[in-house]
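Observations on the model geometry
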Amino acid sequence: MHKQLIVYHLGKPIEIVIRNYKFSDIEGMIAIQRESFPPPFPSELWWNETQLREHITRFPEGALCAEMDGRLIGSMTALLVSEKLLEGVHTWEAVTDSGYIRNHDPDGSTLYVVDLCVIPEMRKAGIGKWLMQSMYEVVIHLRLKRLLGGGRMPGYHRYSESVSAEEYLTGITSGLYNDPVISFLLRCGRLPVGVAQHYLEDEESCGYAALMEWKNPFIHE
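We now turn to the structure provided with this report. Model, not experiment: these values are computed from the prediction.

**Considerations on the overall build of the chain**
Tallying secondary structure elements over the chain gives six helices and eight strands in all. When the elements of the chain are put in sequence order from the N terminus, they spell out β-β-α-α-β-β-α-β-α-β-α-α-β-β. The principal-axis extent of the C-alpha atoms belonging to the chain is close to 50 × 40 × 35 Å. For the chain, the proportion of its 221 residues judged to be buried stands at 49%. A fraction of 67% describes how many contacts in the chain between residues 6 or more apart in sequence connect residues 24 or more apart. Computed over 21 positive and 29 negative side-chain charges, the separation of the two mean positions in the chain equals 5 Å.

As structure tokens, then:
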């Protein structure tokens, strides 16, 4: 993939490129994580070179980055998984092989989101939404059934003593609550299909995640 776009940042048009990241981008990919998750966030949880090499080698179509003036400003990574792997309850760690995607299934029908990240200074420019749109295009290009992924619910901790995670998710879709991550995913066209408990270690989400889906509109079951 390689496409040029104009986005608006601080009211000014800026040209960006969305493309597949490659081996020469590894340091830039780690820099995105460094800027987005500064200390006290543990650096060992940033992408490492081994993980990134696995992404590029095993499934380059699912390794996307956004570039501005030669600088990487965002990225999104996904792998293909089978429906069998998604049966029952799953965690981010299990379905993504802890981010290494060595369980990538070339015959899988679901494009599963591993990560989406945009550097803080560019988060109001719509980069994340364009990366998501680009992954939808991957779904269509590869004739896959859908895109799926677990979205953090960072606002849930404020309501966890009074409502369940499922009720909180329903409240977001009905307009009762606003959640920075789930509301963003809804604006990107994804729809909730369930809630996963113990999905990831995240105090703000109380360990929960909303499973958010986008179906390929050109494939009808």
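After that view of the structure, there is still more to cover.
**Observations regarding the sheet that holds strand S2 (residues 12-20)**
Strand pairs in the sheet, formed through backbone hydrogen bonds, run parallel or antiparallel to each other. Strand order in the open sheet formed by eight strands is S1-S2-S3-S4-S5-S6-S8-S7, with mixed pairing between adjacent strands. The outermost strands of the open sheet, each flanked by one partner alone, are strand S1 (2-9) and strand S7 (191-196). On average, each strand axis in the sheet is inclined to that of its neighbour by 25 degrees, with strand direction left out of account. Where helix H4 (residues 127-141) meets the sheet, its contacts fall on S1, S2, strand S3 (63-68), strand S4 (71-81), strand S5 (110-118), strand S6 (146-152) and strand S8 (209-215), and the angle it forms with S5 comes to roughly 160 degrees.

**A word on the packing of helix H1 (residues 26-36) against helix H2 (residues 49-58)**
If you want to describe how two helices pack, look at the angle between their axes and the distance between the axes. Two elements in contact, H1 and H2, have axes whose closest approach is 10 Å; the angle formed by their N-to-C orientations is 120 degrees. One finds that H1 runs oblique with respect to H2. By crossing handedness, the relation of H1 to H2 is classed as right-handed. Between H1, through Ile-26, Met-29 and Ile-30, and H2, the contact on the second element is made entirely by Glu-49, Leu-52, Arg-53 and Ile-56. Residues of the contact of H1 with H2, tallied by class, amount to five nonpolar, no polar and two charged.

**Quick word on the packing of aromatic side chains**
A full pass over the atoms with the stated rule returns six aromatic pairs. A ring pair is formed by Tyr-159 and Tyr-177, whose centres lie 4.5 Å apart and whose planes are at 45 degrees; its orientation type is tilted. Here Tyr-159 is found in the loop between S6 and helix H5 (165-174), whereas its partner Tyr-177 is found in the loop between H5 and helix H6 (182-187), with 18 residues between them in sequence. The partly exposed category is assigned to Tyr-159, whose relative accessible area is 28%. Assessed through its relative accessible area of 13%, Tyr-177 is described here as buried. One aromatic cluster is present, formed by Tyr-156, Tyr-159, Tyr-168, Tyr-177 and Tyr-208 through successive ring pairs. Above the ring of Tyr-100, the side-chain terminus of Arg-102 is found at 4.6 Å from the ring centroid.

**Notes on H2**
Along H2, the positions that sit buried rather than exposed are Gln-51, Leu-52, Glu-54, His-55 and Ile-56. Buried residues along H2 sit against H1, S3 and S4. Where H2 starts, the residue carrying a side-chain oxygen 3.0 Å from the main-chain nitrogen of Thr-50 turns out to be Asn-48.

**Structural notes on the state of the cysteines**
One pass over the structure, following the stated rule, counts zero disulfides. Cys-117 forms no disulfide, and the closest cysteine sulfur to it belongs to Cys-65, at a distance of 12 Å. Given the relative accessible area of 3%, Cys-117 is considered buried.

**A closer look at the side chain of Asp-115**
With respect to the helices and strands, the residue Asp-115 is situated in strand S5. Buried charge without a partner: Asp-115 forms no salt bridge, and the closest opposite charge is Arg-123, 9.4 Å away. Not counting the four nearest positions on each side in its chain, Asp-115 is found in contact with Gln-33, Trp-47, Ser-75, Met-76 and Thr-77.

What counts, and where the lines are drawn
For every chain, the first residue of its written sequence is number 1, and the numbers climb from 1 along that sequence. The model is predicted, so local features are restricted to residues of pLDDT at least 70 and side-chain atom pairs to those at 80 or more, both for listing and for counting; the totals for chains, interfaces and linings are taken over all residues. Hydrogen atoms and water are omitted, and side-chain values are computed over all heavy atoms in the structure. Secondary structure elements are defined from DSSP: runs of H or I of at least 4 residues count as helices, runs of E of at least 2 residues count as strands, and each element is numbered from the N terminus. Only protein chains enter the calculation, and the probe is 1.4 Å; a residue is then buried if its accessible area is under 20% of its type maximum, exposed if over 50%, and partly exposed in between. Here, two residues are considered to be in contact whenever any of their heavy atoms come within 4.5 Å of each other. Neither His nor the chain ends is counted toward charge; the positive residues are Lys and Arg and the negative residues Asp and Glu. To locate a charge, take atom NZ for lysine, CZ for arginine, CG for aspartate or CD for glutamate. Two strands pair under a simple rule: DSSP has to find at least two bridges between them. All axes here are fitted lines through C-alpha atoms, helices being fitted over the stretch that makes contact, and every angle between N-to-C directions spans 0 to 180 degrees. For this classification, under 35 degrees means roughly parallel, over 145 means roughly antiparallel, 65 to 115 means roughly perpendicular, and everything else is oblique. Crossing chirality is assigned from the near helix's rotation relative to the far helix, an anticlockwise turn below a right angle marking it left-handed and a clockwise turn marking it right-handed. The classification used treats Ala, Val, Leu, Ile, Met, Phe, Trp, Tyr, Cys and Pro as nonpolar, Asp, Glu, Lys and Arg as charged, and all other residues, Gly among them, as polar. By convention, a stacked pair of Phe, Tyr or Trp rings (six-membered ring in the case of Trp) has centres within 6.5 Å and planes under 30 degrees apart, an edge-to-face pair has planes over 60 apart, and any other such pair is tilted. Geometrically, a charge over a ring is one whose NZ (Lys) or CZ (Arg) sits within 6 Å of the ring centre while staying within 35 degrees of the ring normal. A 3.5 Å cut-off defines polar contacts: any pair of N or O atoms within that distance qualifies, except that in protein one atom must be a possible hydrogen donor and the other a possible acceptor, and neighbouring residues in sequence count only when both atoms are side-chain atoms. The disulfide criterion used throughout: a pair of cysteine sulfur atoms within 2.5 Å. The rule for a salt bridge is simple: a side-chain nitrogen of Lys or Arg has to be within 4 Å of a carboxyl oxygen of Asp or Glu.

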